[in-house]
Amino acid sequence: MKRYFGLFSCALLAACAGRGLHDTTPKLSSHTGKNVAAYAECVRGRWDGLGVKTEASIKDQEARLFARDDNGARELIELSADGSGAQVVMYETQDTDKKYDARYRDAAIACL
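Quick notes on the rules
- Residues numbered from 1 in each chain as written.
- Predicted model: local features only at pLDDT ≥ 70, side-chain atom pairs only at ≥ 80, totals over all residues.
- Heavy atoms only, no water.
- Pairing = 2+ DSSP bridges.
- Helix = DSSP H or I, 4+ residues; strand = E, 2+ residues; numbered from the N terminus.
- Axes fitted to C-alpha atoms, helices over the stretch in contact; angles between N-to-C directions.
- Core = buried A, V, L, I, M, F, W, Y, C linked by side-chain atoms within 4.5 Å.
- Buried < 20%, exposed > 50% of the residue type's maximum accessible area, 1.4 Å probe, protein only.
- Contact = heavy atoms within 4.5 Å.
- Salt bridge = Lys/Arg side-chain N within 4 Å of Asp/Glu carboxyl O.
- Phe/Tyr/Trp six-rings, centres within 6.5 Å; stacked < 30°, edge-to-face > 60°.

1. Some words on the sheet that holds strand β4 (residues 74-82)
So, step 1. Taken in spatial order, the five strands make up an open sheet running β1-β5-β4-β3-β2, and their pairing is antiparallel. Looking at the sheet topology across the chains shown, the edges are occupied by β1 (28-32) and β2 (54-58). When strand polarity is set aside, the average angle formed by the axes of neighbouring strands in this sheet is 15 degrees.

2. Some details on the nonpolar core
So, step 1. One finds Y39, V43, W47, L65, I77, L79 and M90 to be the most contacted residues of the largest nonpolar core, which totals 21 residues.
So, step 2. Broken down by secondary-structure element, the contributors of at least two residues to this core are α2 (36-49), β3 (62-68), β4, β5 (85-93) and α3 (103-110).
So, step 3. The dominant element in this core, judged by the number of residues it contributes, is α2, at five residues.
So, step 4. Among residues more than four places away in sequence, those in contact with V43 are L65, I77, A108 and C111.
So, step 5. Core analysis: the second largest hydrophobic core is formed by five residues, L21, F66, V89 and Y91 among them.

3. A short note on the pairing of β3
So, step 1. Counting buried positions along β3 yields five of seven residues, so the element is predominantly enclosed.
So, step 2. Sheet analysis places β2 next to β3, joined by five bridges and oriented antiparallel. Residue pairing across strands places S57 opposite R64, the latter belonging to β3.
So, step 3. In this structure, the hairpin formed by β2 and β3 is closed by a connection of three residues.
So, step 4. As paired elements, β3 and β4 share seven bridges and run antiparallel to each other. Pairing of L65 across the sheet is with I77, part of β4.
So, step 5. Here β3 folds back onto β4, and the loop between the two strands holds five residues, one of which, G72, carries a positive phi near 95 degrees.

4. Observations concerning the pattern of salt bridges
So, step 1. The full count for this structure, using the stated rule, is four salt bridges.
So, step 2. Note that E41 is salt-bridged to R44, the shortest N-O span being 2.6 Å. Separated by three residues within a single helix, E41 and R44 lie in helix α2, roughly one turn from each other.
So, step 3. For E41, a relative accessible area of 41% translates into the label partly exposed.
So, step 4. The partner of D101 in a salt bridge is R103, with the nearest N and O atoms 2.9 Å apart.
So, step 5. Of the residues examined, R103 reaches a relative accessible area of 40% and is grouped as partly exposed.

5. Here's the deal with the packing of aromatic side chains
Describing an aromatic ring pair means giving the distance of the ring centres and the angle of the ring planes.
So, step 1. Applying the stated criterion across every chain yields a total of one aromatic pair.
So, step 2. Plain terms: the ring middles of W47 and Y104 are 5.9 Å apart, the flat faces sit at 80 degrees to each other, and that makes the pair edge-to-face. Pair noted here: W47 is in helix α2 and Y104 is in helix α3, with a separation of 57 residues, a long-range link. As far as the burial class goes, W47 and Y104 line up, both buried.

Structure (structure tokens):
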């Protein structure tokens, strides 16, 4: 029972964490030849490597990844299975008082 609650909590947290980011223009919209899980794990590993905790909800046909850092960056990637791979859409907001940090987008592109 605890395991299912933990999975549900993680999915709910990832869904709520990205709230409001859909109001922004996507920073990336592309297709990857990787399946949903493989692409999501690639991005999660790279974002975790940047020193931020990445929240993820990964299923067979769709996934959501969310990261937030202490500098005001909020990042959201949504994936959906699409033919031979997955459709990737990335939203982000960053603190306008700070220099734009392209590392999140660069990591998402590197995983394509």
